[in-house]
Amino acid sequence: MALKTGKEYLESVGQLGLEAHMLGKKTSEVNESGLVKPSQKAVAFTFDAAHDPKTQELFCVESSLCGDVVNRFSHLHQSPQDLVNKVKMQRHCGLGTACCFQRCVGMDAANAIFSTTYDCDAKHGTDYHQRFRDYWTWIQQKDLVVDGAMTDPKGDRGKRPKDQLDPDLFVRVKERRPGGIVISGAKLHQTGMLNSHEILVMPTMTMREGEEAWAVCCAVPTNDQNVRYIYGRQASDTRKLEADLMDVGNSFGGQEVMTVFEDVFVPDERVFLDGEVDFSGILVERFASYHRQSYGGCKVGVGDALIGATALIAQMNGVAGASHIKDKIVEMIHLNETIYSCGIACSAEGQATASGNYLVNLLLANVCKLNVTRFPYELARLATDVAGGLLGTLPSAADLNDPVAGPYIEKYLAANPDYPVVDRMKVLRLIENLVAGAGAVGYLIESMHGAGPPTAQRIMIGRQAGLDQKIEGVKNLLNIA
Ligand code: SF4
Ligand code: FE
């Protein structure tokens, strides 16, 4: 059993020696950076939960590949109950960290690649599935964090990959060498990339005949010397660098990174799709559906934190008993649980793939994610409404500690006497973080665009809805031939 603790995970990721461009400087001390630490702490949470007696049962599961007990974040789902447990685990992490804990993309990529390679081998006689089984057994046994990398820059949206001025705008096989391939290109918005040991590169969309070079799926270690990282900015991110962290609002956080592959050599045993264009779209669809299911857990957990903070600030402001406040909090709960219901439903309706692992119900997973593109914004609006205008004008932690300004802040921000001013400020900062600060990257913008923007879900919903069957039903009902 190789279940790492959070501390062991942090040590292991520190040993990778990753370098990144951050705020205009290239740094080799990524793990020491105040910008990165909150995001590493969030990933570490997923490791510690596997050792916590209260959550161990949910997080630890027997591997279908090697029989070892592994962290569910690297599990291949074996039943609808496994899919349900995944969502429950994500909700737990969402409330525990109130941010994106980054580890789901690898799990979602692995489950999608597992069944896609199986189907591809059956049709084309390739041997990708066994390669992937070997690779993923190693990941499970080492308890590693894997970034599932899908989103290409895409250049001119009106042009196909092969028609772009720069062919690297979609990750591609640039060259072939004995024993492997050389890939070139970039992946944008990579969640948790600098906190990962490995990268699973996947195509970004359905490739067509003539686009074989772009139909590539493979694994690359994050510390490959030809991979370059450029750190993404978040609203109010430099607050994380201040001495007093109270103004950040949350000691946990997410991270997104632009990742550049500059002629990276990938040996054959790490290649899981290479030119089979007919499986590129299937892989994208399966990964996207798993990740759309994921949002039915993680965003709900963060929603729990926002609802808790909103109810608490209402108490602190002395308005918790007002009927309109109670009603707004009920509305927040209703929206949040609606997302969760879809996450559970698409899991419970999951079905076995030919490879043996389980795939979510595609229609319900897309309905889940489409709700996620809307409801967190409404939750944020209601939280802002209940919290009051102080949310936008709160003085800093440094001023609270200032001998002159501090006493005025204590005097004039006093509300419900059951709560000290400093606690009221902490709660307001958490709400600010989630609705307008660094946490809004994960809770709002990622809810809109992560796992694909709303249009992508609408297309899938249109495809999966079985409209013909409904029309047929009405014709039968009305005796229309
Ligand atoms: Fe996991 Fe949610 Fe972050 Fe995606 S956005 S990695 S599902 S926590
Ligand atoms: Fe995401």
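Before going into details, it helps to say that this report is about the structure given with it. Everything numeric here is computed off the predicted structure, so don't read it as measured data.

Some words on a nonpolar patch on the surface
Together, Val474, Leu477, Leu478 and Ile480 make up an exposed nonpolar region whose accessible area comes to about 410 Å². Note on placement: isoleucine 480 falls in the segment after α17 (467-478).

Focus: the environment of glutamate 378
Summarising the element assignment, glutamate 378 is placed in helix α10 (residues 375-387). The class for glutamate 378 is partly exposed, based on a relative accessible area of 27%.

With respect to unusual backbone geometry
Positive phi values are uncommon outside glycine, yet aspartate 143 reaches one of about 55°. Here aspartate 143 is to be found in the loop between α6 (128-142) and β5 (146-149). Its identity is not glycine, yet lysine 154 carries a phi of approximately 75°, on the positive side. Mapped onto the fold, lysine 154 is located in the loop between β5 and β6 (172-177).

Describing the pattern of salt bridges
All told, the structure shown has 30 salt bridges when counted by the stated rule. Linking aspartate 143 and arginine 103 is a salt bridge whose minimum nitrogen-to-oxygen distance equals 2.9 Å. Here aspartate 143 is found in the loop between α6 and β5, whereas its partner arginine 103 is found in the loop between α4 (80-97) and α5 (104-124), with 40 residues between them in sequence. For arginine 103, a relative accessible area of 2% gives the class buried. Because the salt bridges share partners, they merge into one network encompassing Arg239, Asp247, Arg429 and Glu432.

Section: the sheet that holds β5
Reading across the sheet, the four strands line up as β5-β8-β9-β12 and stay open at both edges, with mixed pairing between neighbours. Edge strands, defined here as strands with exactly one partner in the open sheet, are β5 and β12 (271-274). Mean inter-strand twist for the sheet, computed between neighbouring axes without regard to direction, equals 20°. Bridge analysis of β5 against strand β8 (residues 198-201) gives four bridges, and the strand direction is parallel. Residue pairing across strands places glycine 148 opposite leucine 200, the latter belonging to β8.

What to know about the environment of histidine 189
Note on placement: histidine 189 falls in strand β7 (residues 180-191). For histidine 189, a relative accessible area of 55% corresponds to the exposed category. Between the alpha carbons of histidine 189 and proline 153 there is a distance of 9.4 Å; along the sequence they are 36 residues apart. For histidine 189, the residues in contact, after removing those within four places along its chain, are Thr151, Glu256 and Val257.

A word on the side chain of lysine 328
In this fold, lysine 328 is placed in helix α8 (residues 323-348). In this structure lysine 328 comes out as buried when scored by relative accessible area, which is 19%. A distance of 3.1 Å separates the side chain of lysine 328 from the side chain of aspartate 385, its partner in a polar contact. Excluding anything up to four places from it in sequence, lysine 328 contacts Leu382, Asp385 and Val386.

Focus on the pairing of β6
Bridge count between β6 and β7: five bridges; the pairing is antiparallel. Residue arginine 172 lies in a different strand from β7, and its bridge partner there is serine 184. Connecting β6 to the antiparallel partner β7 that follows it, the hairpin turn spans two residues, and glycine 179 within it adopts a positive phi of roughly 85°.

Remarks on the packing of α4 against helix α7 (residues 280-317)
Two measures define how a pair of helices packs: the angle their axes make with one another and the distance between the axes. Their axes nearest at 6 Å, the elements α4 and α7 cross at an angle of 35°. As α4 runs across α7, the sense of the crossing is right-handed. From α4, Leu83, Lys86, Val87, Gln90, Arg91, Gly94 and Leu95 reach across to α7, where they touch Tyr290, Gln293, Ser294, Gly296, Gly297, Cys298, Val300, Gly301, Val302, Asp304 and Ala305. Taken together, the residues of the contact of α4 with α7 break down into eight nonpolar, seven polar and three charged.

Cut-offs used in this document
Residues numbered from 1 in each chain as written. Chains lettered and ligands numbered in written order. Predicted model: local features only at pLDDT ≥ 70, side-chain atom pairs only at ≥ 80, totals over all residues. Heavy atoms only, no water. Patch = residues over 30% accessible without salt bridge, like charges linked within 9 Å, V, L, I, M, F, W, Y side chains within 5 Å. Areas by Shrake-Rupley, 256 points an atom, 1.4 Å probe, with all protein chains shown as cover. Salt bridge = Lys/Arg side-chain N within 4 Å of Asp/Glu carboxyl O. Helix = DSSP H or I, 4+ residues; strand = E, 2+ residues; numbered from the N terminus. Buried < 20%, exposed > 50% of the residue type's maximum accessible area, 1.4 Å probe, protein only. Pairing = 2+ DSSP bridges. Axes fitted to C-alpha atoms, helices over the stretch in contact; angles between N-to-C directions. Contact = heavy atoms within 4.5 Å. Polar contact = N/O pair within 3.5 Å; in protein donor to acceptor, adjacent residues only side chain to side chain. Left-handed = near helix turned anticlockwise from the far one by under 90°. Nonpolar A, V, L, I, M, F, W, Y, C, P; charged D, E, K, R; others polar.

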